[in-house]
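A look at the structure
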Amino acid sequence: MTGQLPVVLEFVATAERLAGRLASSRAVSEEGLGLAREAGYPNTVAAHLANLAMVAALRGAEEECERLAREALAIAVPHRVGLRVGVARYARALLDLGLGRHAAAHERFTALTAAGPGAGSPAVVWRAAPDHIEAAMGAGEEAAARAVLAAYERTSAHATTPETRAVLARCRGLVRSREEDFAEALRLHTNAFEAARTALLLGERLRRAQRPGEARAHLRGACETFERAGAGPWARRARGELRAAGEDGRAPVPAVLDALTPQESRIAGLVAEGLSSKRIAARLFLSPRTVEYHLYKIYPKLGIGSRTELARLMVLATGSSTEGTGAGSGQTLRHE
């Protein structure tokens, strides 16, 4: 089981990132990275490094993203592990997109699409297509955006999940400049982070069409989601659009959970789920004493003094539910 865990954590970390839970994805990948290095699994090491580069890209941490991508590529390129190479290169392109460097992002995405076996992956190209379309449109490369959309429509022809249909509708809205496509995307979205990206694009369109009142609601919701996720560049973009739409877009007070290390954030999240120190220790391959030591450091950082307060704070900060854990029902969370 211990040998399988770092591989399993690849999928957990990716799922957390795709859901916009960046702090959780980062914590899971750092845990998986340490276990993969101990086990001597280079492919899995590269996977976690590439995922961490993706998280850093979404957070706008440029130096960290570049460092992690280089480390992932140094392992994956010699072994011709196309999936890992693709994700690491995707991270660099996504960083450029988030920072508004559309031309650079478009070039990187184009190279990613053209990469052959061992240097890229069809799965990564498919996943990156919506970002490629946004970068191409931002760079004024409408013909390229239309070509990527056509390919994305072909490869998504049999997709039936609401989220895939939502992202496809957003891409159509971008390329064809149709407001109804954005509305359809917002109706279909099941992923809050992707819904925020659609709301941002629609809000930008409405604001430029001299409809600031309609734009503000979309931009406000997007900004809140990005702030909660820690996606700094996207939040700054939404705040800038809010200001242009006539609303005070001042940056909020930094989230209190930002004071936690990734490991502390992971432990705090498990406390919010109602797990005891003993169960958290088993989940993270730590000793209960180490978990208690982390909690001892977490409490003063957050200005609290109990597990119940920590669980409530995590719910407020992340918008997650504590139904069934006892954290929201007045029950005291136990130490074991």
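Report follows, based on the coordinates. All figures in this text were calculated on a predicted structure; none of them were measured in a lab.

For the pair helix α12 (residues 212-229) and helix α13 (residues 232-244), the least separation of the axes is 8 Å and the interaxial angle reads 155°. Our classification of the angle between α12 and α13 gives roughly antiparallel. The handedness of the crossing between α12 and α13 comes out as left-handed. Judged by residue contacts, Arg216, Leu219, Arg220, Cys223, Phe226 and Glu227 of α12 engage Trp234, Ala235, Ala238, Arg239, Glu241 and Leu242 from α13. Its residues placed into classes, the contact of α12 with α13 shows 7 nonpolar, no polar and 5 charged.

The contact between helix α1 (residues 5-18) and helix α2 (residues 22-39) brings their axes to 8 Å, and the two run at 165°. On the basis of the axis angle, α1 is roughly antiparallel to α2. As α1 packs across α2, the resulting crossing turns out to be left-handed. Across the interface between the two elements, Leu5, Pro6, Leu9, Val12, Ala13, Glu16 and Arg17 of α1 pack against Leu22, Ser24, Ser25, Val28, Ser29, Glu31, Gly32, Leu35 and Ala36 of α2. When grouped by side-chain class, the residues that make up the contact of α1 with α2 number 9 nonpolar, 4 polar and 3 charged.

The first and last C-alpha atoms of helix α6 (residues 102-114) sit 18 Å apart over 13 residues, in line with the 18 Å expected at 1.5 Å per residue. Of the positions making up α6, those classed as buried are Ala105, His106, Phe109 and Leu112. The buried residues of α6 occupy an angular sector of 125° when projected down its axis, which confines them to one face. Away from its buried face by more than 90 degrees, α6 exposes Glu107 and Ala114.

In a regular helix each residue adds 1.5 Å, so 13 residues correspond to 18 Å; α13 covers 18 Å between its end C-alpha atoms and thus fits that length. The set of residues buried in α13 consists of Gly232, Pro233, Trp234, Ala235, Ala238, Arg239, Glu241 and Leu242. Summarising the contacts, the buried residues of α13 are in contact with α3 (42-59), α5 (82-98), α7 (122-138), α11 (192-208) and α12. Phi turns positive, to about 95°, at Gly246, one or two residues after α13.

Moving on, we come to the pattern of salt bridges. Tallied over the entire structure, the rule returns 30 salt bridges. The salt bridge involving Arg101 is made with Glu62; its shortest N-O contact spans 3.0 Å. With a gap of 39 residues between them, Arg101 in the loop between α5 and α6 and Glu62 in helix α4 (residues 62-79) connect regions that are remote in the sequence. Among the salt bridges present, the one from Glu179 reaches Arg211, with a minimum N-O distance of 2.9 Å. Here Glu179, found in helix α10 (residues 179-188), pairs with Arg211, found in the loop between α11 and α12; they are 32 residues apart in sequence, far enough to count as distant.

Attention now goes to the environment of Thr308. Positionally, Thr308 belongs in helix α17 (residues 307-318). In the structure, Thr308 is positioned 273 residues away from Leu35 in sequence and 30 Å away in space, judged by C-alpha atoms.

Tracing the backbone shows Glu31 in helix α2. Overall, Glu31 belongs to the buried group, its relative accessible area being 14%. Look past the residues within four positions of Glu31 in its chain and what remains in contact with it is Leu5, Leu9, Arg266, Arg283 and Leu284.

About the thresholds
- Residues numbered from 1 in each chain as written.
- Predicted model: local features only at pLDDT ≥ 70, side-chain atom pairs only at ≥ 80, totals over all residues.
- Heavy atoms only, no water.
- Axes fitted to C-alpha atoms, helices over the stretch in contact; angles between N-to-C directions.
- Helix = DSSP H or I, 4+ residues; strand = E, 2+ residues; numbered from the N terminus.
- Parallel < 35°, antiparallel > 145°, perpendicular 65-115°, else oblique.
- Left-handed = near helix turned anticlockwise from the far one by under 90°.
- Contact = heavy atoms within 4.5 Å.
- Nonpolar A, V, L, I, M, F, W, Y, C, P; charged D, E, K, R; others polar.
- Expected span 1.5 Å × (residues − 1).
- Buried < 20%, exposed > 50% of the residue type's maximum accessible area, 1.4 Å probe, protein only.
- Arc of directions from axis to C-beta.
- Salt bridge = Lys/Arg side-chain N within 4 Å of Asp/Glu carboxyl O.

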